[in-house]
Amino acid sequence: MSIFKDILNNSVSEKSISPSVQQTTFGELPILVIKHKICSAAVSLQGAHLLFWQPITESTPVIWLSQKAIFKHGKAIRGGVPVCWPWFGKLGDPMHGFARIVDWTLDSCKEDENGVELVLSLTNNQQTQAFFTKPFNVWLTIHLGKTCQITLSCQGDFEATSALHTYFGVNNIANVVVKGLGKTYEERLAVVNKPAIEGQLTFNQEVDRIYNNANKIITISDGDRTIQLTNTEASDVVTWNPWIDKAKSMADFADEEYQSMVCVETACINKPLKLSMMQKTTYGFKIELV
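A quick note: this is a predicted structure, and the numbers were derived from the prediction, not measured.

Visitor: Please provide a residue-by-residue account of the sheet that holds strand β2 (residues 21-26), values included.
Guide: The five strands are arranged β1-β2-β3-β4-β5 in an open sheet whose pairing can be described as antiparallel. Two strands in the sheet have a free side with no partner beyond their single neighbour: β1 (15-18) and β5 (49-55). Averaged over neighbouring strand pairs, the angle between their axes works out to 25 degrees when direction is ignored. Across six bridges, the pairing between β2 and strand β3 (residues 29-36) is antiparallel. Looking at β3, one finds that Gln22 is bridged to Val33. Strands β2, β3, β4 (39-44) and β5 of the sheet are contacted by helix α1 (residues 3-10), whose axis makes an angle of about 90 degrees with β3.

Visitor: Please set out the pairing of strand β16 (residues 207-211) residue by residue, giving values where relevant.
Guide: Along β16, five of the five residues are buried, which leaves the element largely enclosed by surrounding structure. Every second residue of β16 is oriented toward a common face, with Val207, Arg209 and Tyr211 on one face and Asp208 and Ile210 on the other, all of them buried. Across five bridges, the pairing between β16 and strand β19 (residues 236-241) is antiparallel. When the sheet's bridge partners are listed, Tyr211 is paired in β19 with Val237.

Visitor: Report on α1, specifying residues and quantitative values.
Guide: The set of residues buried in α1 consists of Ile3, Phe4, Ile7 and Leu8. Taken around the axis of α1, the buried residues stretch over an arc of 135 degrees, which confines them to a single face. Residues of α1 that are exposed and angled more than 90 degrees away from the buried face: Asn9 and Asn10. Of the surrounding elements, those touching the buried residues of α1 are β2, β3, β4 and β5.

Visitor: I'd love a proper account of the side chain of Thr161, names of residues and values included.
Guide: The residue Thr161 is located in strand β11 (residues 159-164) in this model. A polar side-chain atom of Thr161 sits 2.9 Å from the main-chain amide nitrogen of Phe88. The contacts of Thr161, once residues within four sequence positions are left out, are Cys84, Trp85, Pro86, Trp87, Phe88, Leu91, Cys268, Ile269 and Pro272.

Visitor: A description of the pattern of salt bridges should follow, citing residues and the corresponding values.
Guide: Two side chains carrying opposite charge are able to pair once their charged atoms lie near each other. Using the criterion set out here, one finds seven salt bridges in the structure. With its nearest N and O atoms 3.7 Å apart, the salt bridge here joins Lys183 to Glu198. Taken as a pair, Lys183 in the loop between β13 (177-179) and β14 (185-187) and Glu198 in the loop between β14 and β15 (200-201) lie far apart in primary sequence, 15 residues in all. You'll find Lys183 and Glu198 in the same group, each marked exposed. Notably, a salt bridge pairs Glu206 with Lys246, separated by 2.8 Å at the nearest N-O pair.

Visitor: Outline the environment of Asn175, supporting the account with residue identities and numerical values.
Guide: Checked against the element boundaries, Asn175 lands in the loop between β12 (167-169) and β13. What makes Asn175 partly exposed here is its relative accessible area of 43%. Measuring from C-alpha to C-alpha, the distance between Asn175 and Pro19 comes to 39 Å, with 156 residues separating the pair along the chain. If we skip the residues at most four places from it in the chain, Asn175 touches Ser221 and Asp222.

Visitor: I'd like a rundown of the sheet that holds strand β7 (residues 105-112), residues and numbers included.
Guide: Reading across the sheet, the nine strands line up as β7-β8-β9-β10-β21-β18-β17-β13-β15 and stay open at both edges, with antiparallel pairing between neighbours. Each edge of the sheet is formed by a strand with only one pairing partner; in this case those strands are β7 and β15.

Visitor: So what about the side chain of Thr230? Which residues, and what values?
Guide: For Thr230, the position within the fold is in strand β18 (residues 226-232). In this structure, Thr230 is in contact with Lys216, Ile217, Gly284, Phe285, Lys286 and Glu288, ignoring residues within four places of it in sequence.

Visitor: Tell me what's going on with the packing of aromatic side chains, and back it up with residues and numbers.
Guide: Two measures describe an aromatic ring pair: the distance that separates the ring centres and the angle between the ring planes. By the definition in use, this model includes 17 aromatic pairs. Between Trp64 and Phe253, the aromatic rings sit 5.7 Å apart at their centres with planes inclined by 45 degrees, giving tilted as the arrangement. With Trp64 in the loop between β5 and β6 (83-84) and Phe253 in the loop between α3 (243-249) and β20 (261-274), this residue pair connects regions lying 189 residues apart in the sequence. For the pair Trp64 and Phe253, one class covers both residues: buried. Following the ring pairs from residue to residue traces out a cluster consisting of Trp85, Trp87, Phe98, Phe131, Phe132, Phe136 and Phe158.

Visitor: Describe the environment of Leu106, and please don't skip the residues or the numbers.
Guide: By the secondary structure assignment, Leu106 is in strand β7. Residue classification places Leu106 among the partly exposed residues on the basis of a relative accessible area of 24%. Taking the C-alpha atoms as reference points, Leu106 and Leu118, separated by twelve residues in sequence, lie 7.4 Å from one another.

About the criteria used
- Residues numbered from 1 in each chain as written.
- Predicted model: local features only at pLDDT ≥ 70, side-chain atom pairs only at ≥ 80, totals over all residues.
- Heavy atoms only, no water.
- Pairing = 2+ DSSP bridges.
- Helix = DSSP H or I, 4+ residues; strand = E, 2+ residues; numbered from the N terminus.
- Axes fitted to C-alpha atoms, helices over the stretch in contact; angles between N-to-C directions.
- Contact = heavy atoms within 4.5 Å.
- Buried < 20%, exposed > 50% of the residue type's maximum accessible area, 1.4 Å probe, protein only.
- Arc of directions from axis to C-beta.
- Polar contact = N/O pair within 3.5 Å; in protein donor to acceptor, adjacent residues only side chain to side chain.
- Salt bridge = Lys/Arg side-chain N within 4 Å of Asp/Glu carboxyl O.
- Phe/Tyr/Trp six-rings, centres within 6.5 Å; stacked < 30°, edge-to-face > 60°.

Structural measurements only, silent on function.
Here it is in structure tokens:
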């Protein structure tokens with residue numbers, strides 16, 4: 001059985017949040033399981049982490065989760081949409097920030113015939129103090145229905161880099177074409193996979209790069225479906241696939257899973273988020289099938 005079905009069907013309901021949302025435990029973590037008439041999904045309260053999202057019209061999840069993802073306190077979850085904040089990459093410790101490995105609070109849950117909307121929040125507390133000493137407030141709004149929309153809003157007196165580190169499910173990475181990335185990017189690997197067409201990306205080896213002039217709308221096509229990613233107030237788009245060797249080196253990633261996913265991440269890296277305690281700084285994305 002797939003991990004998606006395990007989470008949906010094998011986790012025991014502990015609390016009903018709304019008609020379509022139940023709080024359960026999977027591994028060591030509290031999980032919100034969404035079974036709505038137009039989509040299924042799950043969100044971990046650790047990290048405010050959307051684990052997967054599958055509209056009823058799709059035979060496989062659009063947002064992908066590794067079969068070997070680890071559900072333990074303080075461990076990052078492989079797949080879904082990790083929230084990298086208040087830094088991206090190795091700009092601090094732990095890598096990609098602490099927001100994805102600490103507990104968030106569910107502030108609200110609303111649902112109607114169009115889907116479910118969750119608002120989760122994180123404020124500086126004893127758990128975050130070990131990683132970061134400045135005061136802050138962060139909110140993540142997740143809308144799940146025929147489309148998926150995520151917005152990160154934050155307050156503080158510092159600059160932050162961030163990424164909504166989205167893993168998309170694809171039928172075969174060899175068939176994937178990502179369009180709308182723009183011409184300029186920062187290459188993060190020694191061996192370059194140079195685009196055959198500027199602004200487009202296909203995959204025949206490991207890819208890890210930051211595009212810093214991407215279009216607002218990006219498409220990810222795999223021959224079976226086309227996913228449209230619309231970014232709002234984001235300065236960068238990160239693309240990543242570990243390919244064969246790196247996939248084999250990761251304990252929370254099955255050897256062949258590089259074939260079934262691609263990361264196209266909405267990010268603010270080269271233009272950090274300039275935070276104020278007086279107003280919210282916001283960015284995010286919308287995913288739809290076209």
